[in-house]
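If you want the building blocks of each chain, they are given just below.
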Amino acid sequence: MTTDAVADAQIGRLPVALAVEEIRRDFPAMELKVYGKPLAYLDNAATSQKPRSVIDAEAHWYLESCANVHRGVHALSVRATAAYESARQKVASFVNAASAREIVFVKGTTDAVNLVAGSFARGRLDPGDEIVITGLEHHSNIVPWQLVCEDRGAKLRVARLDDRGDVDMEEFARLLSERTKMVAVSHVSNALGTINPVERMIELAHERDIPILIDGAQAVPHKKVDVQALGCDFYAFSSHKMFGPTGVGALYGRHDLLAAMPPYQGGGEMIRTVSFERTEYAEPPARFEAGTPNIAGAVGFGAAVDYLERIGLDRIEAYEDELLAYATAELEAVPGVRLIGTARRKAAVLSFVIGDVHAHDVGTILDQEGVAIRTGHHCAQPVMQHFGVPATSRASLAFYNTREEVDRLVVGLDKIREVFGG
Ligand code: C6P
């Protein structure tokens, strides 16, 4: 972290809003211009921008510690292994896992869910068994369960959403039965911003001894997550959405569960001994990290955790809540805008439609104004079906975004109204 202002904000000397201008200087992308206009990057749910400390950590690793991990006795390999395992420890502390052994480095959330579906759920499913998810899941928390259900003759059950985009909790509770072998829910919806009552969901699942996975891809960048306080069995997240590199993420798994799971993939590093007759597997997390891992990515991931902790998740959440309230009021005031997803508890995601304008036209015109948002179904087609729209425009905010950037979004929407009428 390069700024004194952030440190000042941490000890309460400056209002968080003031520190944000300083924080922006840590992110080279905040200097970018598109079509000659300053970039207003409002697509953080897709991926976030990276602070220089993350970029430098990764470059530094390539420059000074580049070697394979867990395989060599030479100095560079020892250094690389130390950096990789130190990143695991940082990620473990970040989500308050009981031990670094409970953190498996994966490619990202998608990979983590597939690992649990393939290695944990598959062996527990008999024909007629059920897996329960909710109506707001990202495809990454639907399709892996569908695949395993198909394979085992099991059934996917879905707790529906209400008109605001909240999960119907009565139905969720009703769906849990002696047939349910797994529950998998998002902490925060990427398409709607809904914050699920995961504490209650975990409690309900555990009352029936059902294991539960939380897809935390959209939660960890925005709020403090404590896997032990939550009591979940698995928690999946991606580095690239939390200001770290792409291609790396983490699966938190309770150690006793990981220890009882068969490998997900076979290869180097996940074994204890190999012969043609019989292979013994390594203990977790190595058991689930076959092949050379994304070492540089993990190091950058650790640096992203350091960065977030220096700012403080509580401050980030408070700032984003304020910005969300501002953006919600501003968007609601634009004639023709309909917000999709008005859940009681929301993170900083604003999905909307404007009149009959196609979402891709909205995205293209805003892009010309330097405002980057995502348009489409956001890999959550069932959510679109629920709200009866083919696509939405989605602005997703991070702690480096400002009210001025929200104002530029609104000015862009006014231009769209001029072009398309309304
Ligand atoms: N959502 C979005 O624009 P990966 O791609 O594996 O890092 O994350 C997948 C994923 C899983 N769950 C949720 C809730 C997500 O939001 C995402 C990724 C991005 O909304 C890209 S589709």
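Conventions adopted
Chains are numbered independently. Their residues run from 1 in the order of the written sequence. At least 70 in pLDDT is required for a residue's local features to be given in this predicted model, at least 80 for side-chain atom pairs to be given and counted, and no such filter applies to totals for whole chains, interfaces and linings, which use all residues. Side-chain descriptors were evaluated using all non-hydrogen atoms of the structure, hydrogens and water having been removed beforehand. Strands here are runs of E lasting at least two residues and helices are runs of H or I lasting at least four, both read from the DSSP assignment and numbered beginning at the N terminus. Summary of the burial criterion: residues with accessible area below 20% of their type's maximum are buried, those above 50% are exposed, and those between are partly exposed, where the area comes from a 1.4 Å probe applied to protein chains only. Each residue after the first adds 1.5 Å to the expected span of a helix. We call two residues in contact whenever any of their non-hydrogen atoms come within 4.5 Å of each other. One bridge is not enough; two strands pair if DSSP finds at least two bridges between them. The angle between two axes is taken between their N-to-C directions and runs from 0 to 180 degrees, where each axis is a line fitted to C-alpha atoms and a helix contributes only its stretch in contact. All domain edges in this entry derive from an automatic or database-based domain assignment. Throughout, buried area stands for the accessible area (probe radius 1.4 Å) lost by two parts on being put together, summed over both. Note on terminology: near, applied to a residue and a molecule or strand, indicates that one of the residue's heavy atoms is within 4 Å of it. Polar contacts here mean pairs of N or O atoms no more than 3.5 Å apart (in protein, one a potential hydrogen donor and the other a potential acceptor; neighbouring residues in sequence count only if both atoms are side-chain atoms). Polarity classes work like this: nonpolar for Ala, Val, Leu, Ile, Met, Phe, Trp, Tyr, Cys and Pro, charged for Asp, Glu, Lys and Arg, and polar for all others, with Gly in that last group.

Structural notes on the environment of T342
Stage number 1. Tracing the backbone through its elements, the reader meets T342 in the loop between β13 (337-340) and β14 (349-354).
Stage number 2. Under the relative-accessibility criterion, T342 is labelled partly exposed at 31%.
Stage number 3. A sequence separation of 203 residues divides T342 from H139, and the C-alpha atoms of the two residues are 21 Å apart.

A short note on helix α4 (residues 75-94)
Stage number 1. Look at α4: 28 Å from first C-alpha to last across 20 residues, which is about the 28 Å you get at 1.5 Å a residue.
Stage number 2. Against the buried residues of α4 lie α3 (52-64), β4 (103-106), β9 (234-238), β10 (249-253), α11 (295-311) and α12 (313-332).
Stage number 3. N96 sits one or two residues past α4 and shows a positive phi near 55°.

Focus on the side chain of S65
Stage number 1. Inspection of the secondary structure assignment puts S65 in the loop between α3 and α4.
Stage number 2. For S65, the residues in contact, after removing those within four places along its chain, are H60, L76, R79 and A80.

What about the sheet that holds strand β16 (residues 374-376)?
Stage number 1. Strand order in the open sheet formed by four strands is β13-β14-β17-β16, with antiparallel pairing between adjacent strands. A single partner strand is all that each edge strand has here, and the edge strands are β13 and β16. Averaged over all pairs of adjacent strands, the angle between their axes in this sheet comes to 30°, without regard to strand direction.
Stage number 2. Looking at chain direction, β13 and β14 are connected through four bridges and run antiparallel. Across the sheet, L339 pairs through a bridge with F352, a residue of β14.
Stage number 3. Lying over the sheet, α12 contacts β13 and β14, oriented at roughly 5° with respect to β14.
Stage number 4. Against the sheet, helix α13 (residues 359-368) makes contact with β14, β16 and β17 (392-396), and its axis sits at roughly 160° relative to β16, the strand it touches most.

Observations concerning the domain arrangement of the protein
Interfaces are often sized by the accessible area lost when the parts come together.
Stage number 1. Domain assignment breaks the protein into domain 1 (56-309) and domain 2 (312-420).
Stage number 2. Computed over C-alpha atoms only, the centres of domain 1 and domain 2 are separated by 29 Å.
Stage number 3. Across the boundary between the two partners, domain 1 contributes 32 residues, which contact 31 residues of domain 2.
Stage number 4. Both faces considered, domain 1 and domain 2 share a buried interface measuring about 2600 Å² in area, 56% of it formed by carbon and sulfur atoms.

Thoughts on the environment of A19
Stage number 1. Looking at the secondary structure, you find A19 in helix α2 (residues 16-24).
Stage number 2. Sequence separation of A19 and I311 is 292 residues, and the distance between their C-alpha atoms is 9.6 Å.

What about the site of the ligand?
Stage number 1. Residues in contact with the ligand amount to 17 residues; listed here are only the nearest, T110, D215, Q218, S238 and R374.
Stage number 2. Side-chain polar atom of H138 to a nitrogen atom of the ligand: 3.4 Å apart, as the coordinates give it.
Stage number 3. Considering only residue class, the shell around the ligand consists of four nonpolar, nine polar and four charged.
Stage number 4. Structurally, the shell around the ligand is a two-domain feature, drawing no fewer than three residues from each of domain 1 (56-309) and domain 2 (312-420).

A few points about the sheet that holds β10
Sheet strands pair via backbone hydrogen bonds, and the direction of the pair is either parallel or antiparallel.
Stage number 1. Spatially, β4-β10-β9-β8-β7-β5-β6 is the arrangement adopted by the seven strands of the open sheet, whose pairing is mixed. Among the strands making up the open sheet, the edge pair consists of β4 and β6 (155-159). With strand direction ignored, the average angle separating the axes of adjacent strands in the sheet is 20°.

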